[in-house]
Amino acid sequence: EPDLEFEGLLKRQHTRVKYFQGSLMNAMDLERAKVHEADACLVLANKYCPDPDAEDAANIMRVISIKNYSDDIRVIIQLMQYHNKAYLLNIPSWDWKQGDDVICLAELKLGFIAQSCLAPGFSTMMANLFAMRSFKTSPDMAAWQNDYLQGTGCEMYTETLSPTFTGMTFSQASELCFVKLKLLLLAIEVKPEDGGDPKISINPRRSKLPTNTVGFFIAQSAEEVKRAWFYCKACHEDVKDENLIKKCKCKHLANKTGATPATPFSAALSKPLLNIKNSVMAKEENGSKPVMNGRLVPIGPNGLVDETYGGYHISYEVKKLMPTNKPADQQKNGKMEVGIADDQAKDFDFAKTEMKYDSTGMFHWTPARSIEDCILDRNQAAMTVLNGHVVVCLFADPDSPLIGLRNLVMPLRASNFHYHELKHVVIVGAVDYLRREWKTLQNLPKISVLNGSPLSRADLRAVNVNLCDMCVILSAKVPSNDDPTLADKEAILASLNIKAMTFGDIITNIESMGDSKDALNNMGDTTVKRPGPIYGTNVPMITELVNDSNVQFLDQDDDDDPDTELYLTQPFACGTAFAVSVLDSLMSTTYFNQNALTLIRSLITGGATPELEIILAEGAGLRGGYSTPDTLSHRDRCRVGQISLSDGPLATFGEGRKYQDLFVASLRNYGMLCIGLYRLRDAALTTVDATSKRYVITNPPFDFGLLPTDQVYVLLPFERKQSRFSFSETEV
């Protein structure tokens, strides 16, 4: 039966909402609801259920029933657990090309939190992008709230780019969109030459835009985004007011679909592929023949690496194991001759071909380790000088349902980071629970476990929580049905406990330890780190909440009314709280724009691909793979970062310059795409001290003034060499 609140909603919206009681497993009820005539069917999960696996199984059965009744209906389903995604692929009429989609709450929730470890506040920015809201600023509000609210009105849209953009690089197109059209172009859809499924490429480099490219924009309304299709160089080059860019009379805008491609896809796309392959393979100086792992590589007539061996076409898996060193006289017509007693084992250099990445090339990989090898006790943790790491405070009973910690660690292990840039992850919690999760974590590098309690100050001091880059507070415990407000009691207590700690004496101890440099090197972080905060209130933290209303207890000094919507509360605006309920609005975003979910997923998961989903669906975990030019080219993708304006190459922009100047300079000089600001709430602060809270400004207006204390959210291109300034640092 609907409760009073739900009944009130039904009455207010009675012209648009019809409520049926029945079961999706019953064909008669599906008939009553006219499912076969529906545009789509959305299946919502009960996020507060005691057994997430049982909830997922029931909802997958409902999808089977719907598809059995009407196999061509579009279904969007919410799942609690990542490992249950695989079962949907088994439904014969499940087809994501027809718009079927799955929103996995564990994958996205932990992915959002992982990105916040790299760029604090990023979870808030992304959540506001797909929540469909219009904003109203008011003079009664504080200035920071007006800035924040303007960003919450931004949404993600797709639109075809006008023929004017054809042949431009992505950076040129993005600059034109921002400066001239006041739109933020984030990504484009790339159609492969072989006619495969289109892929979304975020802030790509090198490639030229083909005709009728679909762009992904951040803007306030769909109306604004139409400018990207209407823009015509001939008619609009001198137009100063972006609102005057309307449809013009030129021929090329006559019909969207009938536009003829000016450059074929092959011409536009083959060059960047060659560049990637050539950059991976060093060229030998003498004959400038490509070399891989110190071996000659055969080159085919089209200039690409020849993928045959003795005339036989070889599969991708086998190709990775092939030795490529053959005497030159055995090469005929550019082909390798196969020797029967080819002493392959002796020829294959295992030292140089050690597996560092998984088989898709998207994530760092390490041979499986047992959990015992990764457990630290309190003394070992205190002896290891942990610094710039991620502390995960995990509340779980030995029999709690698995939350899928892999979804938190994998984005932090994406292959577009250099190995030394990976932040060490230290999990503080019950080892009995972690043993059950370990199978999914054993192949990911740089993980340590402290068997302790996140409420124990001694354990928190042992893992140097004051020196971490982010402290994540999670709970795997099942909320009891008695009182929903108590669902977050552990997370809130842990958060308040850390805020109440002081660390003055700890820092002096660390500074006096002579061997701290060696220990830092052992942890793989060679950068000299800042001293940590003295007060716990300054430890960067993100707390996951089950119940939205509990956000009022996180921040004792905020003046949020208990009835304030989550997105308007201070902890959410500052990026220190995240609730799974914000993912509900992703259902409607996905219904209106399927590509938005694909873009969000690739930004958040660090590069999960359909190929990887199939590998993980096998249940054997991540597989290692030998590096080939093809898999290494997958490292060349952008990632989320945060850059300070107080120092470094962009420091000049903090001196009162406008946001547009920063946007253009970052894009031209560094290939970085600015997407927002993380600003001190008290703008008058010149020194960043104990109570400095920041808030998120998504896609500020072009004439927005910058401050030296601002930090900028950017999409960074992959750097083969170590970059000029360290992006992995997040300054407090």
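Please read these numbers as outputs of a predicted model, since none were measured by experiment.

### Observations regarding the side chain of Gln78
One can find Gln78 in strand β2 (residues 74-79). Taking relative accessible area as the criterion, Gln78 reaches 0% and is therefore assigned buried. Within polar-contact distance, the side chain of Gln78 engages the backbone nitrogen of Ala45 at 3.1 Å. A distance of 2.8 Å separates a polar atom in the side chain of Gln78 from a polar atom in the side chain of Asp584. Residue contacts for Gln78: discarding those within four places in its chain leaves Val43, Leu44, Ala45, Lys47, Asn59, Ile103, Leu105, Leu583, Asp584 and Met587.

### Let's talk about empty space enclosed by the protein
Under the defined criterion, the tally for this structure stands at 6 cavities of 30 Å³ or more. The calculated volume of the largest cavity comes to roughly 350 Å³. Lining of the largest cavity is provided by 21 residues; of these, Lys47, Pro52, Met80, Lys109 and Ile403 occupy positions nearest its centre. If you tally residues by element for the lining of the largest cavity, the top one is helix α5 (residues 105-118), at 3 residues. Put simply, the second largest cavity is a space of about 100 Å³. Surrounding the second largest cavity, Tyr82, Glu107, Gly111, Phe363, Arg406, Asn407, Met410, Pro411, Thr605, Ala608, Leu612 and Leu616 form its lining. Of all the elements in the fold, those that place two or more residues in the lining of the second largest cavity are α5, α17 (406-409) and α26 (610-617).

### Description of the packing of aromatic side chains
With the rule as written, the count across this model stands at 10 aromatic pairs. Both rings, one in Tyr591 and one in Phe592, keep their centres 5.0 Å apart while their planes meet at 65 degrees; by these two values the pair is edge-to-face. Exposure remark for Tyr591: the relative accessible area of 25% places this residue in the partly exposed category. Across from the ring centre of Phe702, 4.3 Å away, lies the NZ or CZ of Lys182, which sits over that ring. Its guanidinium or amino end placed over the ring of Tyr419, Lys446 lies 4.6 Å from that ring's centre, counting from NZ or CZ.

### Observations concerning the pairing of strand β22 (residues 639-644)
With 6 of 6 residues buried, β22 is to be regarded as a mostly interior element. For β22 and strand β25 (residues 711-716), the ladder comprises 6 bridges, and the chain directions are antiparallel. For Gly641, the partnering residue across the bridge sits in β25 and is Val714.

Conventions and cut-offs
Sequence order as written defines the numbering, with residues in each chain counted from 1. It should be noted that, the model being predicted, local features are given only for residues of pLDDT at least 70 and side-chain atom pairs only at 80 or more, the latter also being counted only at that level, while totals for whole chains, interfaces and linings use all residues. To get the side-chain values, take all heavy atoms of the structure and skip hydrogens and water. Here a strand is any run of E in DSSP of at least two residues, a helix any run of H or I of at least four, and the numbering for each starts at the N terminus. The buried label applies to any residue whose accessible area, calculated with a 1.4 Å probe on protein chains only, is under 20% of its type's maximum; exposed applies above 50%, and partly exposed to all values in between. Counted as a polar contact is a pair of N or O atoms within 3.5 Å, where, for protein atoms, one must be capable of donating a hydrogen and the other of accepting one, and residues adjacent in sequence contribute only when both atoms are in side chains. Between two residues, a contact is recorded if the distance between any of their heavy atoms is within 4.5 Å. A 1.4 Å probe that fits but cannot get out identifies a cavity on a 1 Å grid over protein atoms alone, an open set with protein on both sides within 12 Å along at least five of seven lines counts as a pocket, and a residue lines either if it has an atom within 4 Å of a point. Grid points are joined across faces, edges and corners, and a volume is the space filled by probe spheres set on the points. Aromatic contacts are taken between Phe, Tyr and Trp rings whose centres are within 6.5 Å, Trp giving its six-membered ring; a plane angle under 30 degrees counts as stacked, one over 60 as edge-to-face, and the others as tilted. Only Lys NZ and Arg CZ are tested; either one counts as a charge over a ring when it is within 6 Å of the ring centre and within 35 degrees of the ring normal. Two strands make a pair as long as DSSP finds a minimum of two bridges between them.

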